[in-house]
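Here are the chains, one letter per residue:
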Amino acid sequence: MATVVPVKQGAEARLLDIDFGGRPAFAKQRFKKAYRHPVLDERLTARRVTQEARTMLRLRRAGIDAPALFLLDTANSIIYVERIEGDTVRDVLRGGVDDAQFEAIARAIGADLAKIHDMDLIHGDLTTSNMMLRHGTRKLVWIDFGLSYTSTLAEDKGVDLYVLERAIQSTHPNQAKAMVRHAGRAWRGTLLTPWNKFDGIIRQYTADSKNAQPVIRKFEEVRLRGRKRTAFG
Ligand SMILES: Nc1ncnc2c1ncn2[C@@H]1O[C@H](COP(=O)(O)OP(=O)(O)OP(=O)(O)O)[C@@H](O)[C@H]1O
Ligand SMILES: [Mg+2]
């Protein structure tokens, strides 16, 4: 490990660009939380690091792209993974994509998420910063599985979808406004807004998942609860 370049220091983890035996790698170290009981903290941190590694391996085995795991250092809560040469979906969308590009990304997300959920895996932190597109191929790669867990429940999968919908809406407020402006008119064209862009994800998910119906029902339920809370809370 020759070069070590700190990339980012967040609230939960320190991220480093490193060289892992000649391969571009990414190290993620979770730190201790001073406010948490040390024993509890150690256990939670260890669980997140292990879960992150386990999910990554499970996904790759199932043919879903995630960084390759190089090393898991549980004693120091560090995970060493392949560094993806690419951009987060968040940055790609922010940079501006046309409707066809968005549709392709949405379909890729929906297709992969259907597979992930059919394995009874819940991502737990579905934001557009936790998906990347590889440079060149523009293929979707999933990252950040520290909050992932296994569950067969439609509700857990529905919440995963809901969190993602909220994340997409909050990163693209301008497009959301455009939708509201047009909503009053009898617009029948192919107006692509975050709503029907997200529908692209749902459409693909519904087509691909073996268990889509109850999940989508739960997703709509959770979404409705969320709106009521915003409207009346
Ligand atoms: N394997 C990787 N290769 C390249 N970049 C990565 C990789 N993993 C993460 N990143 C970049 O670092 C960012 C943060 O990583 P990650 O999501 O794993 O950690 P985090 O602590 O959850 O941070 P965040 O606060 O963004 O959620 C990602 O959004 C991405 O831009
Ligand atoms: Mg993240």
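The structure this text deals with has already been given above.
As a starting point, this report considers the structure included with it. This one's a predicted model, so the numbers in the text were calculated from it and none came from an experiment.

What counts, and at which threshold
Residues numbered from 1 in each chain as written. Chains lettered and ligands numbered in written order. Predicted model: local features only at pLDDT ≥ 70, side-chain atom pairs only at ≥ 80, totals over all residues. Heavy atoms only, no water. Near = heavy atom within 4 Å. Polar contact = N/O pair within 3.5 Å; in protein donor to acceptor, adjacent residues only side chain to side chain. Areas by Shrake-Rupley, 256 points an atom, 1.4 Å probe, with all protein chains shown as cover. Pairing = 2+ DSSP bridges. Helix = DSSP H or I, 4+ residues; strand = E, 2+ residues; numbered from the N terminus. Axes fitted to C-alpha atoms, helices over the stretch in contact; angles between N-to-C directions. Contact = heavy atoms within 4.5 Å.

What follows concerns the site of ligand 1. Close to ligand 1 lie 16 residues, the nearest being Lys28, Glu82, Ile84, Ser129 and Asp144. Serine 129 places a polar main-chain atom, nitrogen or oxygen, 2.8 Å from an oxygen atom of ligand 1. Contact distances for ligand 1 include 2.5 Å between an oxygen atom and a side-chain N or O atom of aspartate 144. Alone, ligand 1 offers 590 Å² of accessible surface; in the complex the protein occludes 75% of this.

Moving on to the sheet that holds strand E8 (residues 131–134). Sheet strands line up and pair through hydrogen bonds in the backbone, either parallel or antiparallel. In spatial order, the strands read E6-E8-E9; together these 3 strands make up an open sheet with antiparallel pairing. Looking at the sheet topology across the chains shown, the edges are occupied by strand E6 (86–88) and strand E9 (140–142). The sheet shows a mean angle of 30° between the axes of neighbouring strands, taken without regard to direction. Where E6 and E8 come together, 3 bridges link them in antiparallel fashion. Residue pairing across strands places glycine 86 opposite arginine 134, the latter belonging to E8. Sitting on the sheet, helix H3 (residues 99–118) is in contact with E8 and E9, with an inclination near 40° to E9.

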